[in-house]
Amino acid sequence: MNWFLIAVALVGHGFLWVAIVNRLHACPVVRWLLEALTRLSLLLFLCLPVVIAWIGFQQPSSLFQPFTSEATWATYYCWLCIWVCVLSLFAKVFEERNRYDSKVVVESTSQLHDLSESLSEEPYLTDFAKRLARVPGNQTMQLHVENRRLKLPALPAELEGTRIVHLSDIHMAGRLERRYYEQLVEVVNEQQPDVIFVTGDIVEKTECWPWLETTLAPMRARLGRYFILGNHDLFIDEAETIKRLQELGWTYVGDQWEQTSWEGVPVSIGGNELHWKGPPAEPQPKRPAEFRLALSHTPDQLRWCIEAEADLALAGHTHGGQFCAPILGPILSPSLYGTKYCCGVFLGGGTVLHVTRGFSGKTPLRLNCPPEVAVLTLTDG
């Protein structure tokens, strides 16, 4: 029995420290402090089992006997980890069963675009990226176009069938060549979207600014192209990024509400870049028959989206977990909610939230979590 409890406690120990790191990376902490806290967490993750094993070797009968005179802090930590394991396993199963709300997603299909087939040579720029490309199961080149028909509670009849392309986490970071990101243009334009939204983490190296001219600029959408920034966009001069994209015809809504009209329907589009940049603009009272969209870099701002009376909210940031375990799904997710809103479609109040897995990442490695271009077709059912 003790060996079984040790195994369960070790799994719970892993869940506990992953949860701590997930929430650390969801906070607006300066980079050097965040990296220091992450290293400290890794050190504790590795060292605590060794220390507890030593205590257990010295007093084997006390390790799983709480509320006795021989109980130590290691005893209570082990039982904490056991309960964390049990609760986390139940939570993970529940999350995966409800990741795409069946009341909202009425139809879903997926189409694979193998980017390696259209690239004559591998697009990796650094030795680190080239090594990651050799990892078995790496899906960096396996782009999925995810077509989802979403039933919205109060969609105006005039917007029935509106096609939205949702992009996020493009991460032009200098580890993959420009031509890798240029693959997006043909894939997006093939979908014939009515409108395109990008929810942050676009470019994080100054030498990648010119890449915008052949990646995002050629994308076409008759009702407009809108974007906000993410935390990685703040690694460089974000004002310059905004300026360049605006010059290329994109509309920035990171700190304002843009008023427009689709098919004669009044539409408001607003953004939220918290926790890293803000505050967002306060929404005005909703107009009669208005359709409202909210863009947030992280799904942690779902409460704000609901309070803003958004009919549809779009978010990214979490990369769908980027590395997903069989059955359990995503493990790592920089969110205050852990992996709950890591990717998927959720209904909160009258707001439908779509969280995309994103296109790329600073680390070009994806396991059981391919990149995606999300194509959302709106319906009132």
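Participant: Looking at this model, I keep getting lost on a nonpolar patch on the surface. Mind explaining?
Facilitator: There is a patch of nonpolar side chains on the surface, built from Trp 83, Val 86, Leu 87 and Phe 90 and spanning about 460 Å² of accessible area. Classification of Leu 87 as exposed rests on a relative accessible area of 54%.

Participant: So what exactly am I meant to see when it comes to the sheet that holds strand E7 (residues 257-262) here?
Facilitator: Two modes of strand pairing occur in sheets, parallel and antiparallel, and in both the strands are linked by backbone hydrogen bonds. Spatial strand order, E7-E8-E9-E10-E14-E13: six strands in an open sheet with mixed pairing. Edge strands, defined here as strands with exactly one partner in the open sheet, are E7 and strand E13 (344-348). Here the strands of the sheet are splayed against their neighbours by 20° on average, with no regard to which way each runs. For E7 and strand E8 (residues 265-272), the ladder comprises six bridges, and the chain directions are antiparallel. Looking at E8, one finds that Ser 261 is bridged to Pro 266.

Participant: Please clarify how the sheet that holds strand E15 (residues 372-379) should be interpreted in this entry.
Facilitator: Strand order in this open sheet of seven strands is E1-E2-E15-E3-E4-E5-E6, and the pairing throughout is mixed. The sheet is open, and its two edges are formed by strand E1 (105-114) and strand E6 (251-252), each paired on a single side. Bridging between E1 and strand E2 (residues 142-151) involves nine bridges; their strand directions are antiparallel. Bridged to Glu 107 within E2 is Arg 149.

Participant: It is not clear to me how the pattern of salt bridges should be interpreted in this structure. Could you clarify?
Facilitator: Oppositely charged side chains are able to pair whenever their charged atoms sit close together. Applying the stated criterion to the full structure yields 18 salt bridges. Ionic pairing is found between Glu 146 and Arg 357, a salt bridge with its closest N-O pair at 2.9 Å. Here Arg 357 lies in the loop between strand E14 (351-355) and E15 and Glu 146 lies in strand E2, a separation of 211 residues in the sequence. Here the two residues Glu 146 and Arg 357 agree in accessibility, since each one is buried. The network of salt bridges with shared partners includes Glu 146, Arg 148, Arg 357 and Glu 372.

Participant: Help me understand helix H3 (residues 73-97), please; the structure alone is not making it clear to me.
Facilitator: Taking 1.5 Å as the rise per residue, H3 with 25 residues should run 36 Å; its terminal C-alpha atoms sit 36 Å apart, in good agreement. Those residues of H3 that fall on the buried side of the exposure criterion are Ala 74, Thr 75, Tyr 77, Cys 78, Cys 81, Ile 82, Val 84, Cys 85, Ser 88, Lys 92 and Glu 95. The elements touched by buried residues of H3 are helix H1 (2-24), helix H2 (31-58) and strand E12 (329-330).

Participant: What's the story with the packing of H2 against H3 in this structure? I'm lost.
Facilitator: Relative placement of two packed helices is described by the angle separating their axes and the distance separating the axes. Here H2 crosses H3 at 125°, and the two axes come no closer than 10 Å. With respect to H3, the axis of H2 lies oblique. The handedness of the crossing between H2 and H3 is left-handed. In this structure, H2 uses Leu 48, Val 51, Ile 52 and Ile 55 to contact H3, whose residues at the interface are Trp 73, Ala 74, Tyr 77 and Cys 78. Here the contact of H2 with H3 is composed, by residue class, of eight nonpolar, no polar and no charged.

Participant: Explanation requested: the packing of aromatic side chains in the structure shown.
Facilitator: Any pair of aromatic rings gets described here by the distance separating the centres and the angle formed by the planes. Applying the stated rule across the entire model yields 10 aromatic pairs. Members of the aromatic cluster, joined through ring pairs, are Tyr 180, Tyr 181, Trp 211 and Phe 359. Here the basic side chain of Arg 31 rests over the ring of Phe 235, its NZ or CZ set 3.9 Å away from the ring centre. Geometry around Trp 257 places Arg 292 over its ring, the cationic atom sitting 5.2 Å from the centre.

Participant: I'm lost on the packing of H1 against H3 in this one. Help?
Facilitator: Close contact between H1 and H3 brings their axes to 7 Å; oriented N to C, the two are set at 75°. The angle between H1 and H3 places the two elements in the roughly perpendicular class. Contacts between H1 and H3 pair Leu 5, Val 8, Ala 9, Val 11, Gly 12, His 13, Phe 15, Leu 16 and Trp 17 from the former with Tyr 77, Cys 78, Leu 80, Cys 81, Ile 82, Val 84, Cys 85, Ser 88 and Leu 89 from the latter. When the residues that make up the contact of H1 with H3 are grouped by side-chain class, the tally is 15 nonpolar, three polar and no charged.

Participant: Before we go on, may I ask you to explain the side chain of Ser 335 in this structure?
Facilitator: For Ser 335, the location among the structural elements is in the loop between E12 and E13. Residue classification places Ser 335 among the buried positions, given a relative accessible area of 1%. Of note is the side chain of Ser 335, whose polar atom sits 2.6 Å from the side chain of Asp 300. Not counting residues within four places of it along the chain, the set of residues in contact with Ser 335 comprises Asn 22, Arg 23, Ala 26, Asp 300 and Thr 318.

Quick notes on the rules
- Residues numbered from 1 in each chain as written.
- Predicted model: local features only at pLDDT ≥ 70, side-chain atom pairs only at ≥ 80, totals over all residues.
- Heavy atoms only, no water.
- Patch = residues over 30% accessible without salt bridge, like charges linked within 9 Å, V, L, I, M, F, W, Y side chains within 5 Å.
- Areas by Shrake-Rupley, 256 points an atom, 1.4 Å probe, with all protein chains shown as cover.
- Salt bridge = Lys/Arg side-chain N within 4 Å of Asp/Glu carboxyl O.
- Buried < 20%, exposed > 50% of the residue type's maximum accessible area, 1.4 Å probe, protein only.
- Pairing = 2+ DSSP bridges.
- Helix = DSSP H or I, 4+ residues; strand = E, 2+ residues; numbered from the N terminus.
- Axes fitted to C-alpha atoms, helices over the stretch in contact; angles between N-to-C directions.
- Expected span 1.5 Å × (residues − 1).
- Contact = heavy atoms within 4.5 Å.
- Parallel < 35°, antiparallel > 145°, perpendicular 65-115°, else oblique.
- Left-handed = near helix turned anticlockwise from the far one by under 90°.
- Nonpolar A, V, L, I, M, F, W, Y, C, P; charged D, E, K, R; others polar.
- Phe/Tyr/Trp six-rings, centres within 6.5 Å; stacked < 30°, edge-to-face > 60°.
- Lys NZ or Arg CZ within 6 Å of the ring centre and 35° of its normal.
- Polar contact = N/O pair within 3.5 Å; in protein donor to acceptor, adjacent residues only side chain to side chain.

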